[in-house]
Amino acid sequence: DAGVIQSPRHEVTEMGQEVTLRCKPISGHNSLFWYRQTMMRGLELLIYFNNNVPIDDSGMPEDRFSAKMPNASFSTLKIQPSEPRDSAVYFCASSWGGRGNQPQHFGDGTRLSIL
Amino acid sequence: AQTVTQSQPEMSVQEAETVTLSCTYDTSESDYYLFWYKQPPSRQMILVIRQEAYKQQNATENRFSVNFQKAAKSFSLKISDSQLGDAAMYFCAYPGGSQGNLIFGKGTKLSVKP
């Protein structure tokens, strides 16, 4: 079975540009999570969708960040405009059920570098 | 706020030996799950093992086992017969978020010496 698929794997862009990260969750999973990983702050939850509906976006750092899930098989995380402090690894994860009693399956992450 | 604490930023083990990584968490719940994830240099996040809090028996997956002490809110990971491929960051996680989302510890970097 295909796991969580993220693209791109690496993204390097200049400050001020729009960045779009993409995620395809595991088929049948109804919960999707976006995380950001940095050395300073570790793994942080940015936003959580359940049945395509954003449930908790309290982790989204600023209005420059937005996320959508138009259907059960696709989600995007967008940063506009990007800043150097947004440089991090961004993970998408999916699971069946949203109450944390099922393991989350992670994609390979997108390493984002903002110059 | 719910927290997950991994007090060992780095650990080292000799190949074929046993190592234990510690994790403590804070919760007022009585029924929950706990997870250990492994992140090798390839940066994948790989589920290692899951423990259900209502089960008294410690979970085991091949060379990986946990020592779950519910009263002490402790959830340590034991790796037996360590292999070079076990070298990675290990994260303990607990679904303590407001929506049941996972909260991760800061991680323990495990090195395996040949």
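Residues numbered from 1 in each chain as written. Chains lettered and ligands numbered in written order. Predicted model: local features only at pLDDT ≥ 70, side-chain atom pairs only at ≥ 80, totals over all residues. Heavy atoms only, no water.

Participant: Hey, could you run me through the interface of chain B and chain A in this one?
Facilitator: Where interface size is quoted, it is often the accessible area lost as the parts come together. Between chain B and chain A, the residue contacts involve 19 residues of the former and 27 residues of the latter. Surface buried jointly by chain B and chain A totals about 1,900 Å² across both partners, of which 51% is contributed by carbon and sulfur atoms. At the surface where chain B touches chain A, the tally comes to 0 salt bridges. If you look at where chain B meets chain A, you find 8 residue pairs in polar contact (both at pLDDT 80 or more). Elements with a minimum of two residues in the side of chain B that touches chain A: β5 (33-39) and β6 (46-52) of chain B. If one sorts the elements of the side of chain B that touches chain A by residue count, β5(B) sits on top with 4 residues. Split into classes, the residues belonging to the side of chain B that touches chain A amount to 9 nonpolar, 7 polar and 3 charged. (Contact = heavy atoms within 4.5 Å. Buried area = accessible area lost by both parts, 1.4 Å probe. Salt bridge = Lys/Arg side-chain N within 4 Å of Asp/Glu carboxyl O. Polar contact = N/O pair within 3.5 Å; in protein donor to acceptor, adjacent residues only side chain to side chain. Helix = DSSP H or I, 4+ residues; strand = E, 2+ residues; numbered from the N terminus. Nonpolar A, V, L, I, M, F, W, Y, C, P; charged D, E, K, R; others polar.)

Participant: I'm lost on the state of the cysteines in this one. Help?
Facilitator: Simply put, disulfide is the name for a covalent bond between the sulfur atoms of two cysteines. For the structure on display, the rule yields 2 disulfides over all chains. Two residues, Cys23(A) and Cys92(A), share a disulfide whose sulfurs are 1.9 Å apart. In this structure the cystine formed by Cys23(A) and Cys92(A) twists about its S-S bond by roughly -65°; its chirality is therefore left-handed. With a gap of 69 residues between them, Cys23(A) in strand β3 (residues 19-24) and Cys92(A) in strand β9 (residues 88-95) connect regions that are remote in the sequence. One exposure class covers both Cys23(A) and Cys92(A), and it is buried. The residue that forms a disulfide with Cys23(B) is Cys92(B), at a sulfur-sulfur distance of 2.0 Å. (Disulfide = S-S within 2.5 Å. Buried < 20%, exposed > 50% of the residue type's maximum accessible area, 1.4 Å probe, protein only.)

Participant: How should I be thinking about the packing of aromatic side chains in this particular structure?
Facilitator: Both the distance between ring centres and the angle between the ring planes are used here to describe each pair of aromatic rings. Residues and elements named next belong to chain B. All chains considered together, the criterion is met by 14 aromatic pairs over all chains. Ring geometry for Phe-68 versus Phe-75: centroids 6.4 Å apart, planes at 85°, classification edge-to-face. Phe-75 matches Phe-68 in its accessibility class, with the two residues each being buried. (Phe/Tyr/Trp six-rings, centres within 6.5 Å; stacked < 30°, edge-to-face > 60°.)

Participant: Please explain the side chain of Arg63(B) as it appears in this structure.
Facilitator: Residue and element names in this part refer to chain B. As for its position among the elements, Arg-63 is in the loop between β7 (60-61) and β8 (64-69). At a separation of 3.2 Å, a polar atom in the side chain of Arg-63 contacts the main-chain carbonyl oxygen of Asp-81. Those residues within four positions of Arg-63 in sequence are excluded, and the remaining contacts are Lys-78, Ile-79, Ser-80, Asp-81, Ser-82, Gln-83 and Asp-86.

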